[in-house]
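# Analysis of the macromolecular model
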Amino acid sequence: MGEGSNLLVIIALLPFIGALIPGWMIRAGRNACATFAAVPTVLALVMLGLLVPDVMRGEVVQARFEWLPQLGLSASFFLDGLGLLFAGMILGVGLLIILYARFYLSGDDPMGQFYTYLLLFQGAMLGIVLSDNILLLLVFWELTSLSSFLLIGYWKHLPEGRQGARMALAVTGSGGLAMIGGMLILGNIVGSYELTDILASGDMIKESDWYLPALILILLGAFTKSAQFPFHFWLPHAMAAPTPVSAYLHSATMVKAGVFLMARMWPALAGTEAWFYIVATVGLITMVLGAVIALFKDDLKALLAFSTVSHLGLLTMLLGFGTTAAAVAAVFHIINHLTFTAALFMTAGIVDHEAHTRDIKRLGGLAKLMPITATIGTIAALSMAGIPLFNGFLSKEMMLEEASHTYWFENPWIVPALATLGALFSVAYSLRFIFHTFGGPVRDDYPHKPHDPPFGMYAAPALLVVFVVAIGVMPFLADPLVAVAASAVAGETLHPHLKIWHGVTPALFMSIAAIGGGIVLLLIHRPLDRLWIAAPRPEAKAIFDWLLAKLVTATRWFTDVTHNKSITCYLAIFAVASVALGFAAWSGGGIAPPTRDLVPVPPLVGLGFVLLIVGAASVVLFHRNRFRALVVLSIIGLMVSAGFVYLSAPDLALTQISVETVTIMLLLLALHFIPKETPKETRIGKRIADGVVAVVAGTGVGALAYAFMRRDVDTISGFHLDNSYEGGGGSNVVNVILVDFRGYDTYGEIIVLGIAGLIIYALMQALLGGPAGRKLRNTDFARDLSKDRHPLMMVVATRVMMPIAVMVGIYIFLRGHNYPGGGFVSGLVIAIALLMQYMASGFAWTQSRQRIQYHAMIGFGVVIAGLTGVGSWLAGKPFLTSAFGYFEFPPIEEFELATAMLFDLGVFLTVLGAVMLMLFSLSRIARYAGQSVNLEPMDYDPADRVKQLEEGRE
Amino acid sequence: MELIVATSVGAMTAAGVYLILRLRAFPVILGLALLSYAVNVFIFASGRLAVNLPPVLQYGDAQYSDPLPQALVLTAIVISFGMTAVLVMVAIGAFLESGTDKVDIDPGDEDEEEPVK
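Residues numbered from 1 in each chain as written. Chains lettered and ligands numbered in written order. Predicted model: local features only at pLDDT ≥ 70, side-chain atom pairs only at ≥ 80, totals over all residues.

### With respect to the overall build of chain A
- Helix and strand content of chain A: 41 helices and 4 strands.
- Per-residue burial for chain A yields a buried fraction of 49% across its 954 residues.
- Across chain A, contacts joining residues at least 24 apart in sequence account for 78% of those joining residues at least 6 apart. (Helix = DSSP H or I, 4+ residues; strand = E, 2+ residues; numbered from the N terminus. Buried ≥ 20, exposed ≤ 12 C-beta atoms within 10 Å, placed from the backbone. Contact = placed C-beta atoms within 7 Å.)

As structure tokens, then:
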């Protein structure tokens, strides 16, 4: 990448970096704030200037970084003629707006915020015109929607501002969504998301079956953004924004984004019938409609807003024609429209600022009070009207010329006639702007006495009208820029020659008719206006609000129906949807014939199977008696463990059986606090329906399991088997997978388990502190208690078993790497050994002998496992790489030590801590409920009895 | 054998689904426990069935069952225990707080605020 590419990236990034500064600089004063907003813009403009010679030579400056190559998303930028034109407009007008806003905004407005939003928006716009990747372009596209939302709603205290901002976001945002779809289709057709690739494969796109959907979706995005009919209504409402925002967004940048996109995609999409009829027709309707409405608007900014709608329609129509001459006219009109509309918006802002009203009916005669403003406004408006010697005339002539030989469904009259009508109304509203604001006698009822503003405020529009006149008189000045930009649009080198006099052409007559008709319209404006006000017409905002309200009602209804606060309902929906999806997938493709033979079933396994099925059926049938259901559930769990033993999964069997024990203990403890019976409360209909859902789900899952068990498939398991011993140093492949191959998963999992333990502890803590705690204290659980809570036999047996169980736990832990066992199982085994003490000897007795807090155990477990992983960094290996070696300790035989064992120790501690914390929390409820605590290990201690007897004898 | 395992998975799923559609917390917890069994066996079975071939390495060219689903299921068993425990605690808490162990919110006793218009 050359120097130019680096500059290009910096230009694209500058506004975003610059956006951070004004918010800080506002503390140094408004001038400092405005200056620091201007600095990045000026810098970007200067850098753009450095690239101008390259682009003018017809080169394309490119810069490219991979971002997410898997998705085809790259941060690539390019600058050609069209990009240069727009980037120049965005930065140039941006600079003028920064200057203008400094004087326009009052002391109460948070100016730092304004400039931050403005620069964000500028960066987003710049990103759109410089992107060379349509996915990147989409990102910037959405950014403009968001940042313009902030700008339009800048005056947060005004309800119109907020509503206008929301409407703009809703309309342009949904258009943007459609466009995402269109762009994805486009990228799929071409096989690349790079714009340069897409522009080069126009024929391929147009021949594709997906051309029309892509076209419509992309146009939806462009039309909403550029306020084309029927999406034009948001633009006038966005005028609630401060005038600098309107001038920037709605003349030069945001609304031109749609036009830009159509121009950008022109080589790829334009030239087909569909393109012509959609784009040109929509443009034509918008042009005429916007012009007609503009004539009857009394608010200066509303008038300008509809004029903008109309001119955007004009641009859209020109692009829709699909001819290179029309493309040249469009590019030229983009420049001209920018100059006069931005100037007019700023003029309207000055009038508003000085006279405190924008209502045309309350204005008039301002020419004598503010001559400079009036001059600027008049020149700009005359250009908008298309009067010769101003630049608007030139491009409007070119438009009329193009329209004059365009056939619409073989009708030669309709396009030229409507184009002339649009131009006619355009003349009328432009002249109205001039005469009704500046013309006429001076009035004495202005809300505020107007006079010309300070230089800083009119400097920006004054500079723009200099361009208006300069291009209008010497059109050849614009030649090179128009040539390079139009060539970029058309995808071929064009050499347009812009001139004032084209000879006696149809366009000339159309122009004359438009100007004459416009003057007549203005003269009869008063009666027309009364008619217009009296006539019924659809109010776009009302329709929009109505639609929105309907949408809200519909979504609320849908939410209420599906989200009816019944988890049973959600689970049923979930189960049915899963089965339906599974069925759809099942019926989608053919299924290969079975490749595996059935494994024979010995009688004992058959017996286990029967037990399991009977168990499952009984749980369902007798689930109302909760104790019984729990016992049956444990039988099912046992059968599953037995199944694991038989089917060569010893580790699973060990884990299952110990988890089973702990789970049942937990549920038994829980049953102490909740009802022992489930009441009958569902109707038979619901039960049958649930049964059907359940049977269907079960059948589906069972069939799926059967189908894949009968077929072979390639797996990655071979790798684990091959590398377990050499790489992981263990012969129990399951354990090696847990602590080595997939150690990171295990690490995450023990953290989850630890968190679950802590959640339970925290829940219990919160519960006991609240009303439930008070309720508990008054509950009498005595009737559930046994007379002999801590039977002698059980106490003695558990104490004898304790060291044995711990020994077994350690043994299981140590052998884990090479034989079935490991940290998980041994943690569970020792937890069960401890639990037995709790159950037999009572809570307080055991608790007083506990040395280590369970929280600490979880913490240490996670830390040890983590440090083991970190340790491998010290050896320069990735996280959790295990190392192992064989050592000989004299009395014992050769012994393997592996870091994986240390990791397993972490697993062990976490499992033990979490399980114990869970059960410990449960037993705390019992204590809280006023259950008496035994200080002695046994309620009835035979030793005491012996002592008593001996005492009695003496 | 495959048929037996598939039937067991199906039966446990069906029983589990039926139970989680009940209206009280305890059967729902039982149902979830049953569903965890079913899912665990299902995942385990995706390694295909083998008898007497535990994935513990032997000398020589031995055959082994698929270790990967086993490792996945091992962690799944432990995690489903954690999940059950949390659910049990939530159920106890809900019962103590509200005096009922219904899982659905009755339309009558909503304490939720009306959405702001």
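### Some thoughts on the overall build of chain B
- The secondary structure content of chain B amounts to 3 helices and 0 strands.
- Element order for chain B, N to C, with α for helix and β for strand: α-α-α.
- In chain B, which comprises 117 residues, the proportion classed as buried is 62%.
- Summarising the internal contacts of chain B: among those between residues at least 6 apart in sequence, 54% fall at separations of at least 24.

### Topic: the packing of helix 15 (residues 273–295) of chain A against helix 21 (residues 414–437) of chain A
Residues and elements named next belong to chain A.
- Packing of helix 15 against helix 21 leaves a shortest axis separation of 8 Å and a crossing angle of 30 degrees. Relative to helix 21, the element helix 15 lies roughly parallel. The hand of the helix 15/helix 21 crossing is left-handed. From helix 15, Leu284, Met287, Val288, Ala291, Val292, Ala294 and Leu295 reach across to helix 21, where they touch Val415, Leu418, Leu421, Gly422, Phe425, Ser426, Ala428, Tyr429 and Arg432.
- Among the residues making up the contact of helix 15 with helix 21, the classes are represented as 13 nonpolar, 2 polar and 1 charged. (Axes fitted to C-alpha atoms, helices over the stretch in contact; angles between N-to-C directions. Parallel < 35°, antiparallel > 145°, perpendicular 65-115°, else oblique. Left-handed = near helix turned anticlockwise from the far one by under 90°. Nonpolar A, V, L, I, M, F, W, Y, C, P; charged D, E, K, R; others polar.)

### A look at unusual backbone geometry
Residue and element names in this part refer to chain A.
- Omega for the peptide link from Phe229 to Pro230 comes to 0 degrees, which places this bond in the cis form.
- Tracing the backbone through its elements, the reader meets Pro230 in the loop between helix 10 (211–225) and helix 11 (234–237).
- Of note in the backbone geometry, Leu389 takes a positive phi value of approximately 80 degrees without being a glycine.
- With respect to the helices, strands and loops of the structure, Leu389 is situated in the loop between helix 19 (371–385) and helix 20 (391–404).
- On the basis of neighbour counts, which here come to 14 C-beta atoms within 10 Å, the residue Leu389 falls in the partly exposed class.

### With respect to helix 23 (residues 479–490) of chain A
Residues and elements named next belong to chain A.
- A rise of 1.5 Å per residue sets the reference length of helix 23, with its 12 residues, at 16 Å; its end C-alpha atoms lie 16 Å apart and thus fit the reference within 8%.
- Summarising burial for helix 23: 9 of the 12 residues are buried, a large majority.
- Of the residues making up helix 23, those classed as buried are Val482, Ala483, Val484, Ala485, Ala486, Ser487, Ala488, Val489 and Ala490.
- For helix 23, the secondary structure elements touched by its buried residues are helix 3 (30–56), helix 4 (81–104), helix 13 (254–264), helix 14 (266–269) and helix 17 (324–355). (Expected span 1.5 Å × (residues − 1).)

### A closer look at the confidence of the model for chain B
All names here are of chain B.
- Within chain B, residue pLDDT values average 84, and 89% of them lie at 70 or more.
- Averaged pLDDT values over the elements of chain B bottom out at 89 in helix 3 (residues 67–98) and peak at 93 in helix 1 (residues 2–20).
- For the stretch residues 109–117, pLDDT sits under 50, and the model shows 1 contact to residues farther than four places along the chain or on other chains.
- Reported confidences for the modelled complex are a pTM of 0.68 and an ipTM of 0.91. (pLDDT = per-residue confidence, 0-100.)

### Points about the interface of chain A and chain B
- Counting from both sides, the interface comprises 97 residues of chain A and, opposite them, 75 residues of chain B.
- Sort the elements by how many residues they give to the side of chain A that touches chain B and helix 31 (residues 684–709) of chain A lands first, with 14 residues.

### Side note on the environment of Glu888 of chain A
Residue and element names in this part refer to chain A.
- Along the chain, Glu888 falls in strand 3 (residues 884–888).
- A tally of 8 C-beta atoms within 10 Å means that Glu888 is categorised as exposed.
- Among all residues touching Glu888, those that are not within four sequence positions of it are Glu894 and Phe895.

### Here's the deal with helix 28 (residues 603–621) of chain A
- For helix 28 of chain A, which comprises 19 residues, the first-to-last C-alpha distance of 27 Å matches the rise-based estimate of 27 Å (1.5 Å per residue) to within 8%.
- For helix 28 of chain A, the set of buried residues is Val605, Gly608, Phe609, Leu612, Gly615, Ala616, Val619 and Val620 of chain A. For helix 28 of chain A, the arc enclosing every buried residue in end-on projection is 130 degrees, short of the 170-degree limit, so these residues lie on one face. Away from the buried face of helix 28 of chain A by more than 90 degrees, exposed residues Pro603, Leu604, Gly606, Leu607, Val610 and Leu621 of chain A are located.
- Tucked into the core, helix 28 of chain A has its buried residues touching helix 29 (626–646) of chain A together with helix 1 and helix 2 (25–45) of chain B. (Arc of directions from axis to C-beta.)

### Focus: the pairing of strand 3 of chain A
Residues and elements named next belong to chain A.
- The element strand 3 is barely covered by neighbouring structure, given that only 0 of its 5 residues are classed as buried.
- Bridging between strand 3 and strand 4 (residues 894–898) involves 5 bridges; their strand directions are antiparallel. What sits directly across from Glu888, in strand 4, is Glu894.
- Hairpin remark: strand 3 followed by strand 4, antiparallel, with 5 residues in the connecting loop. (Pairing = 2+ DSSP bridges.)

### With respect to the environment of Leu463 of chain A
- For Leu463 of chain A, the location among the structural elements is in helix 22 (residues 455–473).
- In this structure, the C-alpha to C-alpha distance between Leu463 of chain A and Ile376 of chain A, residues 87 residues apart in sequence, is 9.4 Å.

### So, the packing of helix 31 of chain A against helix 1 of chain B
- In contact at an axis separation of 7 Å, helix 31 of chain A and helix 1 of chain B are set at 155 degrees when each is read in the N-to-C sense. When the interaxial angle is binned, helix 31 of chain A and helix 1 of chain B end up roughly antiparallel. Where helix 31 of chain A crosses over helix 1 of chain B, the two elements pack in a sense that is right-handed.
- Considering only residue class, the contact of helix 31 of chain A with helix 1 of chain B consists of 16 nonpolar, 7 polar and 2 charged.

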